[in-house]
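Observations on chain architecture
The chain contents come next:
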Amino acid sequence: ELKQKQKNGIEHQLLKGKTLAMIFEKASTRTRISFEVGMFQLGGHGLFISSANSQMGRGEPIKDSARVMSRYCDGVMIRTFGQEIVDEFARYSSVPVINGLTDLYHPCQILADLQTVIEHKGGYQGLKFAWVGDGNNMANTWIEAAAILGFDLALACPQGYQPDHEVLQWAQAQGTGNIALTADPHEAVRGAHVVNTDVWASMGQEAEQKQREQAFQGYCVDDRLMALAHPESVVLHCLPAHRGEEISDSVIEGPRSVVWDEAENRLHIQKAIMATLM
């Protein structure tokens, strides 16, 4: 609804006069821009706070920051490393707290991805989703989404780089969706309607880049791998992309790529999250 309103120039200042504190301990392009622009379009204000220019970066307890910030602002978005940081902040905050990304989860991105799939495929039920690459926060959140929403998900991750065991165990206990884990990208992609991947070394793992490049040989989403997917499949990537590593230039620039719609939908989905919560 918000996307259509923006496209048609219809006013939608649902958060007029409201303020979102945006706490960044990890660098960002899409998360910062989409939340800040989104708050502006909703009539509110996004306040950028980095750990370098706040007391949080100098050791102020999380619970103290949470109680103070929630008396100033109407909502808080945090992009950080440990999931426990977001959890503790939310526990002591009196306003909604949004997970902008942690090492364990990236829920805002998966919501944007699902919006993109719905736009291009008409829905997500009855589709096979494939994840190829690192069992990182994106993989964990796809597992969570498959368990909650009940769709089929096949993940191909090398040994030693598999998704979080507790997340997988929780999802399999839900009894919804068919979640399969393999080390074979061909098996995961075969017949898939949605194929997605991410960089092999996420933020904070740069020192492991060379080691990971060796471990992920054969995991590039290229034309040969995509030939196994459903003929009308679409390709997702949360960006930034390392072309020639986890995805080939021909695939990300090809007719199956919906990566730029996916990136745009971060804006619309963040706005929907904020409008719903705040």
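The structure displayed is predicted, hence computed values, not measured ones. (Residues numbered from 1 in each chain as written. Predicted model: local features only at pLDDT ≥ 70, side-chain atom pairs only at ≥ 80, totals over all residues. Heavy atoms only, no water.)

Notes on the overall build of the protein
Here is the rule: Runs of E in the DSSP output that reach at least two residues are strands. Runs of H or I that reach at least four are helices, and both are numbered from the N terminus. Based on C-alpha atoms, the radius of gyration is set beside the globule rule, defined as 2.2 Å times the residue count to the power 0.38. Throughout, a residue-residue contact means that at least one pair of heavy atoms, one from each residue, lies within 4.5 Å. In this description, accessible areas are obtained by the Shrake-Rupley approach with a 1.4 Å probe, and a residue is regarded as covered only by the protein chains that are shown. For this count, His and the chain ends are skipped, Lys and Arg are scored as positive, and Asp and Glu as negative. All charge positions are set by atom: Lys at NZ, Arg at CZ, Asp at CG, Glu at CD.
For the protein, the count of helices and strands is 12 helices and 9 strands. For 278 residues, the compact-globule formula gives about 19 Å, and the C-alpha radius of gyration of the protein, at 19 Å, lands near that figure. Taken along the three principal axes of its C-alpha coordinates, the protein extends 50 × 45 × 35 Å. Put simply, 73% of the contacts in the protein that link residues at least 6 apart link residues at least 24 apart. For the protein, the accessible area works out to roughly 12,700 Å², and carbon and sulfur atoms hold 50% of it. Charged side chains in the protein number 24 positive and 34 negative. The centres of these two groups are separated by 6 Å.

Observations concerning the nonpolar core
Definition in use: Among the buried residues, those of types Ala, Val, Leu, Ile, Met, Phe, Trp, Tyr and Cys that are joined through side-chain atoms within 4.5 Å form a nonpolar core. When accessible area is computed with a 1.4 Å probe and restricted to protein chains, residues below 20% of their type maximum are described as buried, those above 50% as exposed, and intermediate ones as partly exposed.
Leu114, Phe129, Trp142, Ile143, Phe151, Leu155 and Ile179 are the most contacted members of the largest nonpolar core, which has 28 residues in total. Among the elements of the structure, α5 (107-121), β5 (128-132), α6 (137-149), β6 (152-156), α7 (165-174) and β9 (234-237) are those that each provide at least two residues to this core. Counting residues per element, this core draws most heavily on α6, which supplies 7 residues. If we skip the residues at most four places from it in the chain, Phe129 touches Leu114, Val117, Tyr124, Trp142, Phe151, Asp152, Leu153, Ala154 and Val194. Core analysis: the next-biggest nonpolar cluster, separate from the first, contains 22 residues, Ala192, Tyr219, Val221 and Ile252 among them.

Some words on the pattern of salt bridges
Our working rule: For this document, the term salt bridge refers to a Lys or Arg side-chain nitrogen within 4 Å of an Asp or Glu carboxyl oxygen.
Taken as a whole and judged by the stated rule, the model has 9 salt bridges. The residue Glu264 makes a salt bridge to Lys7 at a minimum N-O spacing of 2.7 Å. Of this pair, Glu264 sits in helix α12 (residues 259-277) while Lys7 sits in helix α1 (residues 2-7), and the two are 257 residues apart along the sequence. Under the relative-accessibility criterion, Glu264 is labelled partly exposed at 28%.

A short note on the sheet that holds β6
Worth spelling out the cut-off: In short, DSSP must find at least two bridges between two strands for them to pair. Every angle, taken between N-to-C directions, lies between 0 and 180 degrees, and every axis is a line fitted to C-alpha atoms, over only the stretch in contact when it is a helix.
With parallel pairing, 5 strands are arranged side by side in an open sheet as β7-β6-β5-β8-β9. Among the strands making up the open sheet, the edge pair consists of β7 (179-182) and β9. In this sheet, neighbouring strand axes are inclined to one another by 20° on average, regardless of whether the strands run parallel or antiparallel. Here strand β8 (residues 194-197) pairs with β9 via 4 bridges, running parallel. From the neighbouring strand, Thr197 faces β9, where its bridge partner is His237. Those strands touched by α6 are β5, β6, β7, β8 and β9, and its axis lies near 160° from that of β6.

Overview of the environment of Thr31
The following threshold applies: Polar contacts, as used here, are pairs of N or O atoms within 3.5 Å; protein pairs need one atom able to donate a hydrogen and one able to accept it. Residues neighboring in sequence count only if both atoms are side-chain atoms.
As for its placement among the helices and strands, Thr31 is situated in helix α2 (residues 30-41). A C-alpha to C-alpha distance of 23 Å links Thr31 and Glu245, two positions 214 residues apart in sequence. For Thr31, the residues in contact, after removing those within four places along its chain, are Phe24, Met77, Arg79, Gly100, His106 and Arg266. Among the polar contacts listed, one links the side chain of Thr31 to the side chain of Arg79, at a separation of 2.9 Å.

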